[in-house]
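# Secondary and tertiary structure notes
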Amino acid sequence: MTTAFPSCVIRSVEAHVFRVPLEKPVSTSFGTMRDRPAVLVRLEDDGGLVGWGEIWCNWPGCAAEHRARLLTSDIAPRVLDRPLPDPAELWKELTAKTHILVLQTGEVGPYAQVIAGFDMAYWDLIARRHGIPLAAALSPDAARAVRAYASGIHIRDARTVVPQSRAAGYRDFKVKVGFDFDRDLALIRELAESLLPNETLYADANQAFSPDAARAFLLATADLSLGWLEEPVRVDAGPAVWGELARATETPLAGGENLAGLKAFRSAIGAGHLSVIQPDAAKWGGPTGCRAVARAALAAGRRYCPHFLGAGIGLVASAHILAAAGGDGLLEIDVNPNPLRDAIAPAWPALDGGMLGLPDGPGLGVVPDMDRLEPFRVCDPMSGVVA
């Protein structure tokens, strides 16, 4: 059931950009993050209530500032000072009305990311206006807790990071592979053998393998009971490649962070190659799009497990969307140090036996701790221009 919400008038749209230098870069098979960026969206309505969202901006290096400018220059004029429809309808409207700009610029991703972050903030604002948690605004039957897994673990660091994550309350762990094939296999086997009862190991190749290497990896790890192998090959490898991999293994295949658009997700779900569907609410769709994908995935017997690698606002929103979706999905939490993730009030998350309670209170239940974030600010919030 979808709840209809009365119209809302937004008086201000702001983009707040932050960057945190990293002492230890975060490596994937396709690139290395040497700082942690974040673009937070702040909306204020005509009654003074505020909603927060987050725009994905991890790559390229200039992405954060660019997305901030897109929000303030291209999206804000379309929504300010007029009665707005409910979030789902406004998401459709913004997507449709920016489509020619997407064609003109070729910037499919940036526009989708900015609309996703705006949608997240608008849902937060609407839920706060009605005094209910975001999860309840998305679904009256939403859960109040979700299971979470420790992510962002480089395979070479797993010996240290997995025990640390276990001590922090995690029971599920995802390691990044796709660096050195033989070394990765040796390390993941060692790690699998060290797991405790009721713990599960997952792997993420970040599109690193060729089809032959992916098949070899899946066959070599077939006895490890991996929860899934994520993005073993390029997303655009084609249905024949993905289908062959799915038929070659009992290990579930996962993906979705690099898909955009309901058509693409419905195609992936319908093809049946992915057992785990992983849209990123800050990268595409926001709560509106991801709720639709989650429903389609669950109806087809797939798992909805939101992808997320960013700051604290997007992480909390992802938890609310998962709680609203239902099913047995897991929330991804990057366990690498990240002040932008931790700078929310009240403090969150805290796990117990792998489970994570949603924050109390209306909307997201948290707000950015702007005092803690201020040392990392790089942009004027009103213009999105580098200060």
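Our structure is the block above this text.
Residues numbered from 1 in each chain as written. Predicted model: local features only at pLDDT ≥ 70, side-chain atom pairs only at ≥ 80, totals over all residues. Heavy atoms only, no water.

Quick look at the sheet that holds strand S2 (residues 32-45) now. Strand order in this open sheet of 4 strands is S3-S2-S1-S4, and the pairing throughout is antiparallel. Only two strands of the sheet have a single partner each, and these edge strands are strand S3 (50-55) and strand S4 (83-84). In this structure, strand S1 (residues 8-27) lies alongside S4, joined through 2 bridges in antiparallel fashion. Its bridge partner lying in S4, Val9 is registered against Pro83. Sheet contacts for helix H4 (residues 108-129): S1, S2, S3 and S4; angle to S3, the most-contacted strand, approximately 155 degrees. Along the sheet, helix H12 (residues 312-325) contacts S2 and S3; its crossing angle with S3, the most-contacted strand, is approximately 100 degrees. (Pairing = 2+ DSSP bridges. Helix = DSSP H or I, 4+ residues; strand = E, 2+ residues; numbered from the N terminus. Contact = heavy atoms within 4.5 Å. Axes fitted to C-alpha atoms, helices over the stretch in contact; angles between N-to-C directions.)

Taken N-terminus to C-terminus, the directions of helix H1 (residues 63-79) and H4 make an angle of 65 degrees; their axes are 10 Å apart at the nearest point. Crossing angle aside, the handedness with which H1 passes H4 is right-handed. Seen from H1, the contacting residues are His66, Arg67, Leu70, Leu71, Asp74, Ile75 and Val79; seen from H4, they are Pro110, Tyr111, Gln113, Val114, Ile115 and Phe118. (Left-handed = near helix turned anticlockwise from the far one by under 90°.)

Burial of strand S7 (residues 200-204) is extensive: 4 of the 5 residues sit out of reach of the surface. In this region the chain leaves strand S6 (residues 172-176), passes through helix H7 (residues 181-193) and returns to the parallel neighbour S7; the handedness of that crossover is right-handed. Remark: the S7/helix H8 (residues 211-220)/strand S8 (residues 229-230) crossover connection has right-handed handedness. (Buried < 20%, exposed > 50% of the residue type's maximum accessible area, 1.4 Å probe, protein only. Right-handed = clockwise from strand over helix to strand, strands pointing away.)

Counting 118 residues, the largest nonpolar core has Phe118, Tyr122, Ile188 and Leu331 as its most contacted members. The element best represented in this core is H4, accounting for 12 residues. Every residue in contact with Ile188, bar those within four places of it in the chain, is listed here: Ile155, Val175, Val177, Leu201, Ala203, Phe217, Thr221, Leu224 and Leu226. (Core = buried A, V, L, I, M, F, W, Y, C linked by side-chain atoms within 4.5 Å.)

What follows deals with the packing of aromatic side chains. All told, the structure shown has 10 aromatic pairs when counted by the stated rule. A centroid spacing of 5.9 Å and a plane angle of 25 degrees characterise the contact between Phe118 and Tyr122, whose relative ring orientation is stacked. On the criterion of helical spacing, the pair formed by Phe118 and Tyr122 is a turn pair, its members being 4 residues apart in helix H4. Using a relative accessible area of 1% as the deciding quantity, one classes Phe118 as buried. Arranged with centres 4.3 Å apart and planes meeting at 50 degrees, the rings of Tyr202 and Trp228 form a pair that is tilted. A residue pair is termed long-range when its members are at least 10 positions apart, and Tyr202 in strand S7 and Trp228 in the loop between H8 and S8 qualify at 26 residues. The structure contains a cluster of three or more aromatic residues connected by ring pairs, namely Trp91, Phe265 and Trp284. The residue whose ring lies beneath Lys283 is Trp56, and the NZ or CZ to ring-centre distance is 4.3 Å. (Phe/Tyr/Trp six-rings, centres within 6.5 Å; stacked < 30°, edge-to-face > 60°. Lys NZ or Arg CZ within 6 Å of the ring centre and 35° of its normal.)

Our next topic: unusual backbone geometry. The omega torsion across Ala345 and Pro346 is -5 degrees, close enough to zero to call that bond cis. By the secondary structure assignment, Pro346 is in the loop between strand S13 (344-345) and strand S14 (351-352). In this model, Trp348 is joined to Pro349 through a cis peptide bond whose omega is 10 degrees.

Attention now moves to the environment of Ala205. Mapped onto the secondary structure, Ala205 falls in the loop between S7 and H8. With relative accessibility at 0%, the residue Ala205 sits in the buried group. Between the alpha carbons of Ala205 and Glu193 there is a distance of 20 Å; along the sequence they are 12 residues apart.

This brings us to helix H9 (residues 239-248). Of all the positions in H9, only Trp242, Gly243 and Leu245 are classed as buried. Axial view of H9: buried residues confined to an arc of 160 degrees, hence all on one face. Across H9 from its buried face, at more than 90 degrees, point the exposed residues Ala240 and Arg247. (Arc of directions from axis to C-beta.)

A few words on the side chain of Asp86. The residue Asp86 is located in the loop between S4 and helix H2 (87-97) in this model. No salt bridge is formed by the buried Asp86, whose closest oppositely charged neighbour, Arg291, lies at an N-O distance of 6.9 Å. Residues contacting Asp86, with those up to four places away along its chain left out, are Ala4, Phe5 and Tyr122. (Lys, Arg positive; Asp, Glu negative; His and termini not counted. Salt bridge = Lys/Arg side-chain N within 4 Å of Asp/Glu carboxyl O.)

The subject of this paragraph is the pattern of salt bridges. Counting across every chain of the model gives 25 salt bridges. Where Glu199 meets Arg166, a salt bridge forms, and the shortest distance between an N and an O atom there is 2.7 Å. Of the two residues, Glu199 sits in the loop between H7 and S7 while Arg166 sits in helix H6 (residues 158-167), which places them 33 residues apart along the sequence. Each member of the pair, Glu199 as well as Arg166, is classed as buried. Here Asp328 makes a salt bridge to Arg303, at a shortest N to O gap of 3.3 Å. Here Asp328 is found in the loop between H12 and strand S12 (330-334), whereas its partner Arg303 is found in strand S11 (residues 303-304), with 25 residues between them in sequence. Through salt bridges that share partners, Lys174, Lys176, Asp204, Glu230 and Glu332 make up one connected network.

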